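# Architecture at a glance
For reference, the chains in residue letters:
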Amino acid sequence: MRRSISWPIALGVTLIVLLVTLTVGWIVVNSLAAQGESAGLFYTLLAVGTTLFVVVLVGVSMYLWLSIKAVRLTQRQSNFIDSVTHELKSPIASLKLYLQTLEKRKLPEAQVTEIHQSMMEVLRGLDHLIDHLLDAARLEKKEIEMPLEDVDLAAILERCAASACRDYRLPPETVRLRLRPVEARGRAKEFEIIFRNLIDNALKYGGKEPAVEIETYAPRAQRVGIRISDNGPGIPSHLRRKIFGRFVRLGNELERQQAGTGLGLYIVRELVQRLGGRVQVLGRGNQPGTAFEVEFAGHFPQMATNP
């Protein structure tokens, strides 16, 4: 945020200095012309003034671009605050209603168990939201990072897939795993955050009956790839780079059907880049849905050929 503010301020001060210089130079040029000074000096000052004028025009254009960018960021932040407020208020209201029901009524044991399960689901949603906020906050800080090591990605993917299915109350076969033993250079916690967000995104925005596929592939030597595909409506090609921005959520905030903060894919991109990897979003050809592909430095143990 400081960097986004400092750029317009520095540019604005520079433009003011150039305008003052240009004004003074224009007065000097007119004065020399009136006194009949040498034509060489006149044209030299005129050329300098013209150059400064062009620089000012470029600066004004950049200032306008930065201002528009700042306005858009402010709008996204406003949407983010609205969505977070809603996602905090709604579960808290639900928990309050559940507790009041348990306090004022004597319910059958089966119904009490069902209410407890519903409360746990609400708490898991709150925990997931808080994790998102904390992950995003950590990315803004320059913390000492743990050294890279070889991490078993297949085990992390299996764990994240099972956890996501439990959170959404979906059968385990909703996520189809086609994994080979694969190791990548990185940090296990960061890989877990990346895959947790991508799988959560695939289940959340999948079709009415979500179907997610996760597979490993070998993009090139000394690199490993993970592809996570869903059967949702897909993402238009001109918006695929935009979705990795901070606070970005596609569509109208007032007509939003899915909960979210607009931070999940931003966290994914930042962590992937921090690990020296690459992430991209693709269509699925003739099939509906979206495919996210992430690549890291790594290898397939005891296997050298592509699947």
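Up top is the structure these notes are about.
Notes on the structure in this doc start here.

Definitions and cut-offs
Residues numbered from 1 in each chain as written. Predicted model: local features only at pLDDT ≥ 70, side-chain atom pairs only at ≥ 80, totals over all residues. Heavy atoms only, no water. Helix = DSSP H or I, 4+ residues; strand = E, 2+ residues; numbered from the N terminus. Expected span 1.5 Å × (residues − 1). Buried < 20%, exposed > 50% of the residue type's maximum accessible area, 1.4 Å probe, protein only. Core = buried A, V, L, I, M, F, W, Y, C linked by side-chain atoms within 4.5 Å. Contact = heavy atoms within 4.5 Å. Phe/Tyr/Trp six-rings, centres within 6.5 Å; stacked < 30°, edge-to-face > 60°. Salt bridge = Lys/Arg side-chain N within 4 Å of Asp/Glu carboxyl O. Lys, Arg positive; Asp, Glu negative; His and termini not counted.

Counted at 1.5 Å a residue, the expected span for helix H5 (residues 188-204) with its 17 residues is 24 Å, and the 24 Å between its end C-alpha atoms agrees. The buried fraction of H5 amounts to 14 of the 17 residues, a majority that puts the element mostly inside the structure.

Looking now at the nonpolar core. Leu 153, Phe 191, Ile 194, Phe 195, Ile 228 and Phe 296 are the most contacted members of the largest nonpolar core, which totals 44 residues. Within the residue set of this core, elements represented by two or more residues are helix H4 (153-167), H5, strand E4 (212-217), strand E5 (223-229), helix H6 (264-274), strand E6 (278-284) and strand E7 (287-299). Once residues within four sequence positions are removed from consideration, Phe 296 is found in contact with Leu 153, Ala 184, Phe 191, Ile 194, Phe 195, Gln 222, Arg 223, Val 224, Val 272, Leu 275 and Gly 277.

In this structure the tally under the stated criterion is three aromatic pairs. With a centroid separation of 6.3 Å and 10 degrees between ring planes, the pair formed by Phe 191 and Phe 195 is classed as stacked. Highlighted residues: Phe 191 and Phe 195, both in helix H5, separated by four residues, approximately one helical turn. Judged by its relative accessible area of 0%, Phe 191 falls in the buried class.

Glancing now at the pattern of salt bridges. Within this structure, the stated rule accounts for twelve salt bridges. Ionic contacts of the salt-bridge type, sharing partners, join the residues Arg 178, Glu 215, Arg 227 and Glu 293 into one network.

Turning our eyes to something else, we now look at the side chain of Arg 284. Note on placement: Arg 284 falls in strand E6. We note that Arg 284 is buried and unpaired, the nearest opposite charge coming from Glu 213 at a distance of 4.1 Å. Ignoring anything within four residues of it in the chain, the contact list for Arg 284 reads Glu 213, Ser 229, Asp 230, Asn 231, Gly 289, Thr 290 and Ala 291.

Bear in mind that shape data such as this cannot, by itself, settle questions of function.
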